[in-house]
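One-letter residues, chain by chain:
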Amino acid sequence: MRHIASGPDLDDAREAREAEELLAASAVASSDAATTDLPDDRQGERPSRRRFFALGVSMAAASVASATAASAQQGTKPSATRTMVKRLLSQPPNPAFDPFKKPDPAAQKGWDSALTRLVRRVTNGVTEDEIKLAQKLGFVGYLNYHLAFTKIDDAYAQNFVASAYPYLGQSVDQLYNVDQGMLQSQLTESTLYRAAFSKRQLYERMVEFWSDHFNIAFPQVNYLKLVDDREVIRKHALGKFPELLKASAHSPAMLEYLDNTRNRQRTLNENYAREIMELHTLGVDGGYTQADVRELARVLTGWTLSGRGTFNFDASGHDYGAKSVMGQVIAAMPASAGVAAKSEGDQMIDFLVKHPSTAKYISTKMLRWLLQYEPTAAQVTAVASVYTRTQGDIPSMVRAILTPANVTAAAPKLKRPYTFLLSALRGLNPTVSAVAGPRRSLTTLGQPMFMWDPPDGYPDRADYWAGGVLQRWNIAVSLANLGTTGEMTLDISRFNAINTPDGVLTAINKALFGGEMPDRLKGQLLTYLQVQPTPSATRVRETIALAMSSSTFQWI
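Residues numbered from 1 in each chain as written. Predicted model: local features only at pLDDT ≥ 70, side-chain atom pairs only at ≥ 80, totals over all residues. Heavy atoms only, no water.

*Asks:* Please give an account of the side chain of Glu295 that cites residues and values.
*Replies:* Locating Glu295 in the fold gives a position in helix H17 (residues 290-299). A residue is classified by how much of its surface remains accessible, and Glu295, at 17% relative accessible area, is buried. A polar atom in the side chain of Glu295 sits 3.1 Å from the side chain of Arg298. In this structure the side chain of Glu295 is engaged in a polar contact, spanning 2.9 Å, whose partner is the backbone nitrogen of Ser324. (Helix = DSSP H or I, 4+ residues; strand = E, 2+ residues; numbered from the N terminus. Buried < 20%, exposed > 50% of the residue type's maximum accessible area, 1.4 Å probe, protein only. Polar contact = N/O pair within 3.5 Å; in protein donor to acceptor, adjacent residues only side chain to side chain.)

So this is what it looks like as structure tokens:
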């Protein structure tokens, strides 16, 4: 498994070469520096984009260099950057770095507050307002606030979405003849906007979780995914799991995506039957066999759609013979039973949601999503017992996961590209009229929404997302350099209202790190700012980008 903190990425041969090329380029005269898209407040200066990257490499390398080397950086001036970076890049990653070990409060001074740990897990990125709210409500009060998401006034975000993305609320008949690319863009951008700017942050995090759990690739079902997102995922994201599973099982998008629309007595298709047990309920080790998959597929024959996309039980295609699934015996029915035979599928879904393997599997996945990659056996048992006792009540499970003890002891999690982008947007808080740019950025970062083709959803593993550091840096630079025109604008006056190195650093710390920026990162950024006693707008923006490019910002 590759560790992050930039060291493993720099250890990667390809990215190391790219970094070296950028470093070499930083020595080139700035005549070709990117200046065409400079915001108004940067005119008159000639910042070198390549120089910025060189400094970014130096920060990343410094994060894995030895303590001695890091200390030697103090007081280093930008003119010495190239030499410093080359020296740091020549050093191997710090073998002692392990993001998965239990945190050492003494070593993580300023990054171990239980309350801010909770905020980072409940939201898609800390903001000053969110930290103030958490401090006001306390640990339990803040969690309860987000779990009661329907009581949170979210009118601004909801009105924006309703106005900008009108297709989201339309029926399948209305959506059928609409350009599918436009529908995909509306679904993606509305999802991204809500995740970044809705006040119902925990709800949006659970929407993302269930979207992966019940993954459906948009290109395979087109407009049906809009309806699935509205009627399945968003309707039940913080409800009860049995209702969520039943809604998914009746979703035309899911039945089409996993081929159950072609599952008939004479042409059996096992795809949905397998995935509902392996991915949606029991887990791959949940105690079923291939024979059970085949029998469940027979149970689900005839579950299909009609018209443009309405659930329908096709009695003519159902297998009315006797069946046995995981010990559940289903007696044969006469063909004259017709639509009454759909009850066989309903019976098996009820069986699956009550199975102990489902309690364990869903609890483990939620623990990994909200808390840490490797939950303990005791944590899984505790949350699974809540699942069983509450009949799959998702808010009750979240309470059992996000306890003060669990949150305090949890190891950090690497932000997926989507979360990295969201946290940057939330920290910067730009003025937004559209989010087409961030939608395109997700493709650059490697996580375009609703485009994961396999049914298991985007991975929730650090090793899978450990690459792509340069892409993150590029996005950080772009966001920090948002100008005063366009679909997103950034007013940096909130960052340099007190225009001293300390003042700028304090503002960045509050906006992006909840006021808990590690001392080491503070020192690095302050060194960069102190070159100018009164930091220019260019230097402020570069420092913002460097902060978002730091290894610390990549973790929750």
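*Asks:* Break down empty space enclosed by the protein for me, with residues and values.
*Replies:* The rolling of a water-molecule-sized probe over the atoms marks out the regions of remaining empty space. Taken as a whole and judged by the stated rule, the model has six cavities of 30 Å³ or more. Estimates place the volume of the second largest cavity at around 160 Å³. Forming the walls of the second largest cavity are 17 residues, and the residues nearest its centre are Glu208, Ser211, Asp212, Met449 and Phe450. Put simply, the parts of the chain that give the lining of the second largest cavity at least two residues each are helix H10 (180-197), helix H11 (201-213) and helix H13 (224-236). Of the residues assigned to the lining of the second largest cavity, the class counts are seven nonpolar, four polar and six charged. (1 Å grid on protein atoms, 1.4 Å probe; cavity = no way out; pocket = protein on both sides within 12 Å on 5 of 7 lines; lining within 4 Å. Points joined across faces, edges and corners; volume = space filled by probe spheres on them. Nonpolar A, V, L, I, M, F, W, Y, C, P; charged D, E, K, R; others polar.)

*Asks:* Give me the lowdown on H13, citing residues and values where you can.
*Replies:* The α-helix advances 3.6 residues per turn, and as a result positions three or four apart in sequence lie on the same side. Along its 13 residues, H13 runs 17 Å from first to last C-alpha, staying within 8% of the 18 Å computed at 1.5 Å per residue. For H13, a buried count of 10 out of 13 residues is recorded, marking the element as mostly surrounded by other parts of the structure. (Expected span 1.5 Å × (residues − 1).)

*Asks:* Could you give an account of the pattern of salt bridges, with specific residues and numbers?
*Replies:* Tallied over the full model, the rule gives 24 salt bridges. The closest approach of N and O atoms between Glu208 and Arg416, which form a salt bridge, is 2.8 Å. Here Glu208, found in helix H11, pairs with Arg416, found in the loop between helix H22 (404-409) and helix H23 (417-428); they are 208 residues apart in sequence, far enough to count as distant. With a relative accessible area of 9%, Glu208 lands in the buried category. What makes Arg416 buried here is its relative accessible area of 4%. Residue Lys235 pairs with Glu231 through a salt bridge whose shortest N-O separation is 3.9 Å. Of the two residues, Lys235 and Glu231 both sit in helix H13, four residues apart, roughly one turn of that helix. What emerges from the salt-bridge pattern is a single network uniting Glu204, Asp229 and Arg234. (Salt bridge = Lys/Arg side-chain N within 4 Å of Asp/Glu carboxyl O.)

*Asks:* Could you give an account of the environment of Gly125, with specific residues and numbers?
*Replies:* Here Gly125 lies in the loop between helix H6 (114-122) and helix H7 (128-147). Take Gly125: its relative accessible area is 9%, and that puts it in the buried class. Distance from Gly125 to Arg426, taken between C-alpha atoms, is 6.1 Å for residues 301 residues apart in sequence. Apart from the residues within four sequence positions on either side, Gly125 is in contact with Ser423 and Arg426. (Contact = heavy atoms within 4.5 Å.)

*Asks:* Can you lay out the pairing of strand E2 (residues 310-313) for me, pointing to particular residues and giving the numbers?
*Replies:* As defined by bridge partners, strand E1 (residues 303-306) adjoins E2 across four bridges and the pair is classed as antiparallel. By the bridge assignment, Ser306 is partnered in E2 with Thr310. Here E1 folds back onto E2 in antiparallel fashion, the turn holding three residues, of which Gly307 has a positive phi close to 60 degrees. (Pairing = 2+ DSSP bridges.)

*Asks:* A description of the nonpolar core should follow, citing residues and the corresponding values.
*Replies:* Counting 144 residues, the largest nonpolar core has Met206, Trp210, Leu296, Met366, Leu402, Leu479 and Met548 as the members making the most contacts within it. The residues touching Leu402, leaving out its near neighbours within four places in the chain, are Leu118, Arg121, Val122, Phe139, Leu143, Leu370, Leu371 and Val407. Within the second largest apolar cluster, seven residues are counted, among which are Tyr458, Ala462, Trp465 and Trp555. (Core = buried A, V, L, I, M, F, W, Y, C linked by side-chain atoms within 4.5 Å.)

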